[in-house]
Amino acid sequence: MEVKGKVHEVSPTQQVTDSLKKRELILEYVENPQYPEYLKFEAIQDRCALIDNVKIGDDVEVSFNLKGRPWTDKTGKKSYFNSLQLWKITVLAGAGAASTPEYAAPAADISSSSDDDDLPF
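What counts and what doesn't
Residues numbered from 1 in each chain as written. Predicted model: local features only at pLDDT ≥ 70, side-chain atom pairs only at ≥ 80, totals over all residues. Heavy atoms only, no water. Helix = DSSP H or I, 4+ residues; strand = E, 2+ residues; numbered from the N terminus. Contact = heavy atoms within 4.5 Å. Areas by Shrake-Rupley, 256 points an atom, 1.4 Å probe, with all protein chains shown as cover. Phe/Tyr/Trp six-rings, centres within 6.5 Å; stacked < 30°, edge-to-face > 60°. Buried < 20%, exposed > 50% of the residue type's maximum accessible area, 1.4 Å probe, protein only. Salt bridge = Lys/Arg side-chain N within 4 Å of Asp/Glu carboxyl O. Core = buried A, V, L, I, M, F, W, Y, C linked by side-chain atoms within 4.5 Å. Pairing = 2+ DSSP bridges.

Per an unreviewed UniProt entry, the recorded name for the protein is DUF3127 domain-containing protein, and the organism is Mucilaginibacter dorajii.

Structure representation (structure tokens):
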């Protein structure tokens, strides 16, 4: 999936656990100028470096994967969480405009096979 918008915030890299680091990018998405949306993207592991050259105010195009997972609390109540995991970012306009997009190497733990790429509709 892809979306274009203006960089609103860029967080520093956080070391979540010994083996997990992440970084967040907040994008102002203006489909309706009266009600702008603020989308939070996560960059995980080596993808954290993709945001190094991005500045607040840059117009960018973000390519991302939509991820979702269930979580059950101590009382047995199930909740669901979604995340937008950034894997490519291209600066379209701004101080950090680049002629080539920044890419991340694919994650090593991809669980789907190439046969799963076709959508059922």
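Observations concerning the overall build of the protein
In terms of helices and strands, the protein carries zero helices and seven strands. Taken from N to C terminus, the helices and strands of the protein fall in the order β-β-β-β-β-β-β. In the protein, of all internal contacts separated by at least 6 residues, the share reaching a separation of at least 24 is 50%. Put simply, the protein shows about 8600 Å² of open surface, and 51% of that area lies on carbon and sulfur atoms.

Here's the deal with the packing of aromatic side chains
Under the definition given, this model contains two aromatic pairs. Ring centres 5.1 Å apart and planes at 65 degrees place the aromatic pair phenylalanine 41 and phenylalanine 64 in the edge-to-face group. Taken as a pair, phenylalanine 41 in strand 4 (residues 37-44) and phenylalanine 64 in strand 5 (residues 59-72) lie far apart in primary sequence, 23 residues in all. With respect to burial, phenylalanine 41 and phenylalanine 64 carry one shared label: buried. Seen in terms of ring centroids, tryptophan 71 and phenylalanine 81 are 6.3 Å apart; in terms of plane orientation they differ by 65 degrees. Their pairing is edge-to-face.

Let's talk about the pattern of salt bridges
One pass over the structure, following the stated rule, counts five salt bridges. When the shortest N-O distance is used, the salt bridge between arginine 23 and aspartate 52 registers 2.6 Å. In this pair, arginine 23 is assigned in strand 3 (residues 20-29) and aspartate 52 in the loop between strand 4 and strand 5, connecting sequence segments 29 residues apart. Aspartate 52 gets classed as partly exposed once you look at its relative accessible area, which sits at 45%. Sharing partners across several salt bridges, the network here consists of Lys22, Glu24, Lys40 and Glu42.

Examining the nonpolar core
Ranked by internal contacts, the top residues of the largest apolar core, which has 16 residues, are Leu25, Phe41, Val54, Val60, Val62, Leu86 and Ile89. Elements supplying a minimum of two residues to this core: strand 1 (2-10), strand 3, strand 4, strand 5 and strand 6 (78-93). At four residues, the largest contribution of residues to this core is made by strand 6. The residues contacting valine 62, other than those within four sequence positions of it, are Met1, Glu2, Val3, Leu25, Leu27, Phe41, Leu86, Lys88 and Ile89.

Brief notes about the pairing of strand 6
Here two bridges tie strand 4 to strand 6, and the two strands are oriented parallel to one another. Paired with phenylalanine 41 across the strands is leucine 84, a residue of strand 6. Note: strand 5 against strand 6, 14 bridges, orientation antiparallel. The partner of lysine 67 across the bridge, within strand 6, is serine 83.

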